[in-house]
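Analysis of the macromolecular model
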Protein chains: 2
Amino acid sequence: MNIKVTIYDVAREAGVGIGTVSRVLNNHPSVTPETRKLVKDVLVRLNYQPHTYAQRLAKRHSETISAIIPFFSTYFFVEVLRGVQDKISQTGYDLVLYGVNDPQQVDSYIIRALDRGRVDGILFFSMQLPDHIVPRLRETATPIVLVDSSSPDFDSISVANAEGAYVATNHLIELGYESVGMIGANPTSNPAAQRLAGFRRAIESHNITFDESIVRRGTSSRLDGFNREAGYQAMTEFLEDGSEMPKAFFVSSDVQAIGALDALNEHGLEVPKDVALVGFDDIELARHVRLTTMRQPMYQMGALAVERLLARMGDPALEILHTTFSPTLIIRESCGAILRSRITSGK
Amino acid sequence: MNIKVTIYDVAREAGVGIGTVSRVLNNHPSVTPETRKLVKDVLVRLNYQPHTYAQRLAKRHSETISAIIPFFSTYFFVEVLRGVQDKISQTGYDLVLYGVNDPQQVDSYIIRALDRGRVDGILFFSMQLPDHIVPRLRETATPIVLVDSSSPDFDSISVANAEGAYVATNHLIELGYESVGMIGANPTSNPAAQRLAGFRRAIESHNITFDESIVRRGTSSRLDGFNREAGYQAMTEFLEDGSEMPKAFFVSSDVQAIGALDALNEHGLEVPKDVALVGFDDIELARHVRLTTMRQPMYQMGALAVERLLARMGDPALEILHTTFSPTLIIRESCGAILRSRITSGK
DNA sequence: CTGAAAGCGCTAACAC
DNA sequence: GTGTTAGCGCTTTCAG
């Protein structure tokens, strides 16, 4: 019958006031060891459970962190979320998930999270923070950290997208490919735009002229174009429009690379023999399709995001911090590096 | 300045009582259109946001559903969770996630969810409901639905594991494989045990004697053995223990099959030429490694679970329902069926 | 150290 | 219809 035991019941049963019960509940120092023990006994005997919402109302905070996240589109989020969850589960906080399927939801979710007291902090993923939200976030002083996204006004954790794209493209060029193309994503997405910039810089630093026709993207705008169909479409376009096609590609994301791979296969082309590919993310699949790619430390990003958020919740005056991880080049077979080294070494 | 506007502020500003404000907030019918409009205007002008926890305390329910789930181990959960999330986002409910990394956490999470008022309903995934929890669940009359797990006492959504394993194994046998082995998972896990039973039934229904040595499992008990390492280990054992090995295998899950595939490759064996494999789940990866497998309708299971939970929350007297989905055989290349048909048809 | 009392912000029953 | 009031269960002064 724990169905409704309140601190009043406990207090009566223990012959003390509710204040005292509350004090032992909150480990307040000024309670005699004896009364403390007395109350504690009654607490367990009655199987008392605190009413979370009453506590939250009285305490003015919720012990809750909400994550606003483009929902489970890709493995990237799954990994990041694992980091988040692992970290949070070490604290007493609750994690409430707002999965965004439609950009329109972002607003209402943030507003909801902004309800005074509803959450103590927000983790905001991979999306552009709506402009009109920024002032409200400031006014309400809601702690927030952006992951895979950024804004000068708030803490953020991200990946050096441009740098990663540069490294990937460079790798291809140094492998000897004279023309390398790119399969991009929706340029309104920050990571997508940055990856494009990195690609371009790599191209130009090798004195190759950057020609618009060398980068394509599918029309599917779902998830900013970071999806298989978009990759498939873009590669198909390259394959079928008649003009000469690069023999190597930097692809904005692994999922897209998978789509490109499918398109290539359908056209009887082999990777890396006929076409070389380098992706971005290092999702689980990448390893199995032997995709060379830029690895992002997803799990760590999630874990760090929580740490940072907790820190900011603890001290709102903290300096704003922007952390950037550098992606690492993971060489597998799709880029042709291994093939080449075999040839070179005469194997 | 929405920082602290309460219904009192709104009431004063609108020149009405707080009761009236509350009424328009809750769309109570007995408010004149005029006052309603008046109040609504003030509401938006002051940018009023309700305090969630105060509402929950007063209303005695939380508009919250919690999901207790073995965390993000596999793609299976990601998909199921997508179904859950999509469905929930159509309602006003919050989803709070309790990711279980260590079985010990289950208890504390359930207890937490049982706090009076903390959640309106629980979704419990893929784990055995601890026995001592059952009576408490009943007493507190907390709505709960089990997914990929079951108990006579509560609603459940699951998959016909035994049947699926039977179909998979049978498929292999009918393809002409005379001995087929199995890579199992931890038999303390319900799905694992059921899949083993289905396998066994298939074997015996073809008058093949079932020999213990024909099923192996890795020692990694993480996630009940449904992980890549376990599959890798089990297959390696088959390969290296000297005795003769089956040429076809039913593997308890796709992730394990991936591991088995890796082991096979390392030993220079090709699938399906040398060894045939059928998995279970149809995770995203399966398609790309051309794995024949039993598909579970993961997304639907999640969505249905939410529907059922909502229904039960609406009417606790509802008949307890156990829904079982039948997995479908998805034929790809790993089982050798396509290879064979080519040979047969002379291509 | 501890009891009593005043909120926390909202809902709902009760009068008018 | 609408204002007033009494909770919801807990935390936190404030006396003593």
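Cut-offs and rules
- Residues numbered from 1 in each chain as written.
- Chains lettered and ligands numbered in written order.
- Predicted model: local features only at pLDDT ≥ 70, side-chain atom pairs only at ≥ 80, totals over all residues.
- Heavy atoms only, no water.
- Helix = DSSP H or I, 4+ residues; strand = E, 2+ residues; numbered from the N terminus.
- Buried < 20%, exposed > 50% of the residue type's maximum accessible area, 1.4 Å probe, protein only.
- Areas by Shrake-Rupley, 256 points an atom, 1.4 Å probe, with all protein chains shown as cover.
- Lys, Arg positive; Asp, Glu negative; His and termini not counted.
- Charge placed at Lys NZ, Arg CZ, Asp CG, Glu CD.
- Contact = heavy atoms within 4.5 Å.
- Near = heavy atom within 4 Å.
- Polar contact = N/O pair within 3.5 Å; in protein donor to acceptor, adjacent residues only side chain to side chain.
- Nonpolar A, V, L, I, M, F, W, Y, C, P; charged D, E, K, R; others polar.
- pLDDT = per-residue confidence, 0-100.
- Expected span 1.5 Å × (residues − 1).

Attention now moves to the overall build of chain A. Each helix and strand counted, chain A has 14 helices and 12 strands in total. A principal-axis box enclosing the C-alpha atoms of chain A has dimensions of 90 × 45 × 35 Å. Residues counted as buried form 55% of the 347 residues belonging to chain A. Total accessible area on chain A stands at roughly 15100 Å², and carbon and sulfur atoms take up 51% of it. A gap of 8 Å separates the mean positions of the 35 positive and 41 negative side-chain charges of chain A.

Residue and element names in this part refer to chain A. Of note, Ile-157 is situated in strand β5 (residues 155-159). When its relative accessible area of 0% is taken as the criterion, Ile-157 is described as buried. With near-sequence residues (within four places) excluded, Ile-157 lies in contact with Val-145, Leu-146, Val-147, Asp-148, Ser-149, Met-301, Leu-304, Ala-305, Arg-308, Thr-323 and Phe-325.

Right, let's get into the protein's contact with DNA strand D. Around DNA strand D, the structure places 30 residues, and the nearest of them are Tyr-48 of chain A together with Thr-20, Arg-23, Thr-32 and Thr-35 of chain B. Each atom of DNA strand D within 4 Å of the protein was classed as base or backbone; sugar and phosphate made up 61%. Within the contact set of DNA strand D, a base nitrogen lies 3.3 Å away from a side-chain nitrogen or oxygen of Tyr-8 of chain A. Side-chain polar atom of Thr-32 of chain B to a phosphate oxygen of DNA strand D: 2.6 Å apart, as the coordinates give it. Elements with a contribution of two residues or more to the surface near DNA strand D: α1 (7-14), α2 (18-25) and α4 (52-59) of chain A together with α2 (18-25) and α4 (52-59) of chain B. Across the surface near DNA strand D, the residue classes break down as 12 nonpolar, 13 polar and five charged.

Here the focus is the protein's contact with DNA strand C. Around DNA strand C there are 28 residues in total, and Thr-20, Arg-23 and Thr-32 of chain A together with Ile-7 and Tyr-48 of chain B lie nearest to it. In DNA strand C, atoms within 4 Å of the protein come 63% from sugar and phosphate. Taking Thr-20 of chain A, its side chain carries an N or O atom lying 2.4 Å from a phosphate oxygen of DNA strand C. Between DNA strand C and the protein, one listed contact pairs a phosphate oxygen with a backbone N or O atom of Ile-7 of chain B at 2.7 Å. Counting only elements with at least two residues in the surface near DNA strand C, the list comes to α2 and α4 of chain A together with α1 (7-14), α2 and α4 of chain B.

Before going further, it helps to examine the confidence of the model for chain A. Averaged over all residues, the pLDDT of chain A equals 89, while 95% of them reach at least 70. Looking across chain A, the model is least confident in helix α14 (residues 337-344) of chain A, with a mean pLDDT of 66, and most confident in strand β8 (residues 248-251) of chain A, with 98.

Looking now at helix α5 (residues 75-89) of chain A. All names here are of chain A. Taking 1.5 Å of rise per residue, 15 residues should cover 21 Å, and α5 covers 21 Å from first to last C-alpha, within 8% of that figure. With 11 of 15 residues buried, α5 is to be regarded as a mostly interior element. Those residues of α5 lying buried are Phe-76, Phe-77, Val-78, Glu-79, Val-80, Leu-81, Gly-83, Val-84, Gln-85, Asp-86 and Ile-88.

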